[in-house]
Amino acid sequence: MTPDARAHRPASDAGTVAAPLPAYRDEWERRAFDDPNLLGDIAFAVNGPFHLMYPERVGRNIRGFQEVFAQSGVAGSIYFGKKANKAACVARACAEHDTGVDVASVGELTAALAQGVRGSDLMVTGPEKSGELLWLAARHGALIAMDSMSELDRVAALGVPVRVLLRVLPTASASRFGMSPEELEQAQRTAATTPSVRVEGFSFHLSGYDPVPRAELAAELVDRCLAARTLGHPATTISVGGGFGVDYVPGPAWAAFTGQVSRRWFHSGKKFQSYYPYHFPEPGPAMLAAVLGHQGLADRLRSADIGLAIEPGRALLDRAGSTVFRVQGSKTRHEHGQPYQLLTVDGSSLSLSEQWFDSEYLPDPLPWPPRQGTPTPTVVGATTCLESDMLSWRRVPLPRPAAPGDLLVYPNTAGYQMDSNESAFHELPIPPKVVLHDAPGGRFRWTLDAG
């Protein structure tokens, strides 16, 4: 049965093998996968799992957002949410494309500076920032999102010029972040009497991936910016935060999965309450266009001479990296009377993680080297001694059986997957990041990331 046929079979025939979720793959990924030596040579050199990074794709993603701003006529500022990936090559790509970085720690700030990001192109976020972080941010001219009155009092006490945004608590939100309307009014009055503090605007963060609430709250903040100007503040920027969706898999495959998903598809009958929306019809730049286009937001911003700032993380990393494990062993297990393959790889789910959300990373891995074989339902376990340490609980329909010594390539893992939760559990080394560079003749050269 072909993958397309499996994806569209009726629910009554869902059986114990999961619907396939083939990830979109860029030309660079296909070249790397089809190269007869590249992945094998890297695996031999690092002697363990590794992450591939292709920073040229980050640049392409940045340009996509920049083009939307240019088409709308709105002044736009992009700040890469650095927490989404620690790789130095990503911060370098931001610097090379005149893009800022959103940081929330001294380590992230200094790492961004080390890759050429100017201090004035940094946005500092997070709650109740440390004194050291506030001091460094002020010294480098970074834009600092104020989360509370106490933070504002602390930056005012620094006695040096400070650029700030006031972070807004969205209406009816139970978030621990941001300031209420009363606190915002107090913050504006305090800043108006503190010459060293320059209020450049307002910021907010919303959960979910709906462009409409972002556009509507941004429109409300246009009025707040205009009111702030009467107190002497510049108020020329509104940041709508991040949450720009990524499209990992085709719509029909995602519909087949969500319409038929069953515990019968998962090792030991594992059940998850929710999944990231791996198919997203208006990803990244298209979502930004939807925000700007909702109820004439772009027109309002232009007429008020206000720029829009965004803080994408995952969306700037779309298709910019993959994660590679080596198969160490294989067993056959049976469930509901059906056999399936249980692989053990040389790493941990901490390096491929949806654990914060008690969920699973769903785009299908592929065995390398590519060769013909019989489609084989497969689950993937880690090399640790924890029963729960599974990279893929879902019985993925691999295109062929994987054998010890093969590599297993998980696609599109650069955004939050490959390093958010990594640790040296069992004293296993953390997988290195390997940066691919285009070379003459269509080849790749590779280096270890500088981070």
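Cut-off values and rules
- Residues numbered from 1 in each chain as written.
- Predicted model: local features only at pLDDT ≥ 70, side-chain atom pairs only at ≥ 80, totals over all residues.
- Heavy atoms only, no water.
- UniProt positions renumbered as here; feature names shortened; annotations may be inferred.
- Helix = DSSP H or I, 4+ residues; strand = E, 2+ residues; numbered from the N terminus.
- Buried < 20%, exposed > 50% of the residue type's maximum accessible area, 1.4 Å probe, protein only.
- Contact = heavy atoms within 4.5 Å.
- 1 Å grid on protein atoms, 1.4 Å probe; cavity = no way out; pocket = protein on both sides within 12 Å on 5 of 7 lines; lining within 4 Å.
- Points joined across faces, edges and corners; volume = space filled by probe spheres on them.
- Nonpolar A, V, L, I, M, F, W, Y, C, P; charged D, E, K, R; others polar.
- Domains from an automatic or database assignment.
- Salt bridge = Lys/Arg side-chain N within 4 Å of Asp/Glu carboxyl O.
- Phe/Tyr/Trp six-rings, centres within 6.5 Å; stacked < 30°, edge-to-face > 60°.
- Lys NZ or Arg CZ within 6 Å of the ring centre and 35° of its normal.
- Buried area = accessible area lost by both parts, 1.4 Å probe.
- Polar contact = N/O pair within 3.5 Å; in protein donor to acceptor, adjacent residues only side chain to side chain.

K.L.:
Even after reading the chapter, I still don't get the UniProt feature "modified residue: N6-(pyridoxal phosphate)lysine" (unreviewed entry) in the protein, so can you show me in this structure?
P.N.:
The UniProt entry lists Lys83 under the feature "modified residue: N6-(pyridoxal phosphate)lysine" (unreviewed entry), expressed in the numbering used here. Looking at where Lys83 falls in the secondary structure, it is placed in the loop between strand E2 (76-81) and helix H5 (88-96). For Lys83, a relative accessible area of 48% puts it in the partly exposed group. Sequence-distant contacts of Lys83, defined by excluding residues within four places in its chain, comprise Asp102, Glu108, Tyr416 and Ser420.

K.L.:
When you look at the layout of surface pockets in this model, what are you seeing that I'm missing?
P.N.:
Take a probe with the size of a water molecule and roll it over the atoms, and the empty space left behind shows itself. Empty space within the largest pocket amounts to approximately 1300 Å³. Every residue lining the largest pocket is counted, 44 residues in all, and those nearest its centre are Lys83, His205, Gly243, Phe357 and Tyr416. Partitioned by chemical class, the residues of the lining of the largest pocket number 15 nonpolar, 18 polar and 11 charged. In terms of domain composition, the lining of the largest pocket takes at least three residues from each of domain 1 (27-53 + 320-448) and domain 2 (55-246 + 283-316).

K.L.:
Explain the pattern of salt bridges to me, please; I cannot follow it from the model alone.
P.N.:
Pairing between side chains becomes possible if they bear opposite charge and their charged atoms approach one another. Scanning all chains against the criterion turns up 22 salt bridges. With a closest N to O distance of 3.2 Å, Arg224 and Glu185 form a salt bridge. You can see Arg224 sitting in helix H10 (residues 211-229) and its partner Glu185 sitting in helix H9 (residues 181-192), a full 39 residues away along the chain. Beyond isolated ion pairs, a larger network of salt bridges with shared partners links Asp26, Arg57, Arg60, Asp318 and Arg319.

K.L.:
Please explain the packing of aromatic side chains as it appears in this structure.
P.N.:
How two aromatic rings sit relative to each other is given by the distance of their centres and the angle of their planes. As enumerated under the stated definition, the model contains 17 aromatic pairs in all. Plain terms: the ring middles of Phe65 and Phe244 are 5.6 Å apart, the flat faces sit at 80° to each other, and that makes the pair edge-to-face. Of this pair, Phe65 sits in helix H4 (residues 55-72) while Phe244 sits in the loop between strand E8 (237-239) and helix H11 (251-260), and the two are 179 residues apart along the sequence. For the residue pair Phe65 and Phe244, the accessibility class agrees, reading buried in each case. Judged by centre distance (6.0 Å) and plane angle (65°), the ring pair of Phe272 and Tyr275 falls under edge-to-face. Look at Phe272 and you get buried, because its relative accessible area is 8%. Through a chain of ring-to-ring contacts, the aromatic side chains of Tyr209, Tyr248, Trp254, Phe257, Trp265, Phe266, Phe272, Tyr275, Tyr276, Tyr278, Phe280 and Tyr361 assemble into a single cluster. Directly above the aromatic system of Phe33 lies the positively charged group of Arg25, at a separation of 5.2 Å from the ring centroid. In this structure, Arg314 packs its charged tip against the face of Tyr276, placed 4.0 Å from the ring centre.

K.L.:
Hey, could you run me through the domain arrangement of the protein in this one?
P.N.:
Often, the extent of an interface is quoted as the loss of accessible area upon association of its parts. For the protein, the assigned domains are domain 1 (27-53 + 320-448) and domain 2 (55-246 + 283-316). Domain 1 and domain 2 are separated by 35 Å when their C-alpha centres are compared. Tallying the contact residues gives 14 residues for domain 1 and 12 residues for domain 2. Interface area, domain 1 with domain 2, both sides summed: about 1100 Å², of which 56% is carbon and sulfur. Counting every contact that joins domain 1 to domain 2 gives 1 salt bridge. We note a salt bridge from Lys86 to Asp419, for which the minimum N-O separation is 3.8 Å. If you look at where domain 1 meets domain 2, you find 3 residue pairs in polar contact (both at pLDDT 80 or more). Considering every element that reaches the side of domain 1 that touches domain 2, the biggest residue donor is strand E16 (residues 433-438), with 3 residues. Considered class by class, the residues forming the side of domain 1 that touches domain 2 number 8 nonpolar, 4 polar and 2 charged.

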